[in-house]
Amino acid sequence: MTNQDFPLIFELSQESRTGFSLPEFDIPESDVDDMIGDEFVRTKDAELPEVSELQIMRHYTALSKRNHGVDSGFYPLGSCTMKYNPKMNEDVARLTGFSHIHPYQAPETIQGALGLMYDLQESLVNITGMNTVTLQPAAGAHGEWTGLMMIRAFHEANGDFDRTKVIVPDSAHGTNPASATVAGFEAVTVKSDERGLVDLEDLKRVVDHQTAALMLTNPNTLGLFEENILEMAAIIHEAGGKLYYDGANLNAILGYARPGDMGFDVVHLNLHKTFTGPHGGGGPGSGPVGVTEEFAPYLPAPLLVKEKGQYVFDDDRPDSIGRVKPYYGNFGINVRAYTYIRTMGPEGLKKVSEYAVLNANYMMRRLQDEFDLPFDQHCKHEFVLSGKRQKKLGVRTLDIAKRLLDFGYHPPTIYFPINVEEALMVEPTETESKETLDAFIDAMIQISNEAKEDPEKVQDAPHTTIVSRMDETLAARKPVLSYTKE
Ligand SMILES: *Cc1c(COP(=O)(O)O)cnc(C)c1O
């Protein structure tokens, strides 16, 4: 589609055409000025496009189609789990008992909604193997920060004010060192070994009496399960540090392994990834945090508890780090996650991991002849390729990503993780069919062949989108968000 097929709504404007009629004004105009205040009263008419209802409808519908989402096509964005959003979740979230309640309502009038939150907390306790869960944090990174603030409170309660460092592997998600810094710690990097796993020797080197915690993304951002978790747990705990599990991508281990059983003290989950909350575009998300009994006193207040068969908010928590979110978390996302967990059941959740891992390994093995595979190991829910070979032909990973748009796919994550040259990080998710995976693999192979035979075709891509290459830095720094008449 070109801009000719898609005129800006202002350019369609015809004087006196209307799409909607407002009811007659029933207040004397002089009163209005008094009510609003002179400084706010418009002296000139607003410059709005004058269009019909049909025109405006088509405008917004066309705009909506310019977006790529999981409902429009394959979206293998590594480390983001863009899996499908069951439509049943939406029905349940819209039940008026959930959607028409107010956060200031007295708890005794919303026992059903609170019961759902409580049951979700309990389900997540079982899924993670932790002791208590809070639903307050609104995102994964927010959960990380909440967890680290609890670790900080714990050490301080023990008079341990020296523990100012958080160890973060170089294969961790980028939010980990950021959250550690925002929580007031110094982030210390531990290196990966040649297999892509945390280097235990390097870990022993960086751990000391100042270690507050190790934050482990597992599977790490290479999609690999950290095999030496028990050794790492022992090293950190012996040094008096605590263990933080980044469980954003729990769809790799659901029903098979639990952070609580591995010795972790604090874990966060991303309900908007593993548990089907729709995401992208900035949320809303939900990043519950689970802790061991030792950490329960520090959980954000209020904590939803069950007392004598009633769900109540416990605000009497003197050691709590306090509230981390107004009201009670993103309730609507929690309803969706609860619906998903209940419809899947324990066996279904186990299957989620099986298919997520199977799909990723299937794609990885079918692509390894055409693309470099820096860590040739059985992967979990995602895998990382390198575009090193194509780069020698003058085709960068960015070009491959742009060319994929011509095939109607959202590209994988690129140039991350940073310890892989020309990285392409692919997460197929468990919800895609073999046909979809095969079609994407075929497109990748075709692009690899084009890199050899017709590199310009890839370098100049995309060819089919409304706009081709953009100056992405400029677009982010100086976005043009409003229409200016020439
Ligand atoms: C997505 C992700 C995060 C951050 O979650 P947000 O909800 O985007 O803040 C943290 N860790 C890992 C491993 C992730 O995949």
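See the structure shown above.
What counts and how
- Residues numbered from 1 in each chain as written.
- Predicted model: local features only at pLDDT ≥ 70, side-chain atom pairs only at ≥ 80, totals over all residues.
- Heavy atoms only, no water.
- Helix = DSSP H or I, 4+ residues; strand = E, 2+ residues; numbered from the N terminus.
- Polar contact = N/O pair within 3.5 Å; in protein donor to acceptor, adjacent residues only side chain to side chain.
- Phe/Tyr/Trp six-rings, centres within 6.5 Å; stacked < 30°, edge-to-face > 60°.
- Buried < 20%, exposed > 50% of the residue type's maximum accessible area, 1.4 Å probe, protein only.
- Near = heavy atom within 4 Å.
- Nonpolar A, V, L, I, M, F, W, Y, C, P; charged D, E, K, R; others polar.
- Patch = residues over 30% accessible without salt bridge, like charges linked within 9 Å, V, L, I, M, F, W, Y side chains within 5 Å.
- Areas by Shrake-Rupley, 256 points an atom, 1.4 Å probe, with all protein chains shown as cover.
- Salt bridge = Lys/Arg side-chain N within 4 Å of Asp/Glu carboxyl O.
- Lys, Arg positive; Asp, Glu negative; His and termini not counted.
- Charge placed at Lys NZ, Arg CZ, Asp CG, Glu CD.
- Pairing = 2+ DSSP bridges.
- Contact = heavy atoms within 4.5 Å.
- Axes fitted to C-alpha atoms, helices over the stretch in contact; angles between N-to-C directions.

Draft legend 1. Structural view of the side chain of Gln111. Here Gln111 shows up in helix 5 (residues 111-128). A polar contact is formed between the side chain of Gln111 and the backbone oxygen of Pro107, at a distance of 3.0 Å.

Draft legend 2. View of the packing of aromatic side chains. Overall, the coordinates contain twelve aromatic pairs when judged by the stated rule. Judged by centre distance (6.4 Å) and plane angle (75°), the rings of Phe275 and Tyr340 are edge-to-face. In this pair, Phe275 is assigned in the loop between strand 6 (266-269) and strand 7 (289-291) and Tyr340 in helix 11 (residues 331-367), connecting sequence segments 65 residues apart. Classification of Tyr340 as buried rests on a relative accessible area of 2%. Between Phe295 and Tyr298 the ring centres are 6.3 Å apart and the planes differ by 65°, which places this aromatic pair in the edge-to-face class. By relative accessible area, Phe295 is classed as buried at 0%.

Draft legend 3. Fine view of the site of the ligand. Near the ligand you find 14 residues, and of these Gly140, Ala141, Asp246, His272 and Lys273 are the closest. Here an oxygen atom of the ligand sits 2.8 Å away from a polar atom, N or O, in the main chain of Ala141. One of the side-chain N or O atoms of Asp246 is found 2.6 Å from a nitrogen atom in the ligand. It is helix 6 (residues 140-157) that contributes the most residues to the shell around the ligand, three residues altogether. Of the residues contributing to the shell around the ligand, the split by class is three nonpolar, eight polar and three charged.

Draft legend 4. Main features of a negative patch on the surface. A cluster of like negative charges, contributed by Glu29, Asp31, Asp33, Asp34, Asp38 and Glu39, occupies part of the molecular surface. With respect to the helices and strands, Glu29 occurs in helix 1 (residues 29-36). Given the relative accessible area of 62%, Glu29 is considered exposed.

Draft legend 5. Expanded view of the sheet that holds strand 10 (residues 383-386). The strand order across the open sheet formed by three strands is 10-12-11, and the pairing between neighbours is antiparallel. In the strand order of this sheet, the two ends are held by strand 10 and strand 11 (413-414), each with one partner. Note that strand 11 and strand 12 (residues 423-426) share two bridges and pair antiparallel. Within strand 12, the position partnered with Ile414 by the bridge is Leu424. Packing of helix 11 onto the sheet brings it into contact with strand 10 and strand 12, and relative to strand 10 it is tilted by some 15°.

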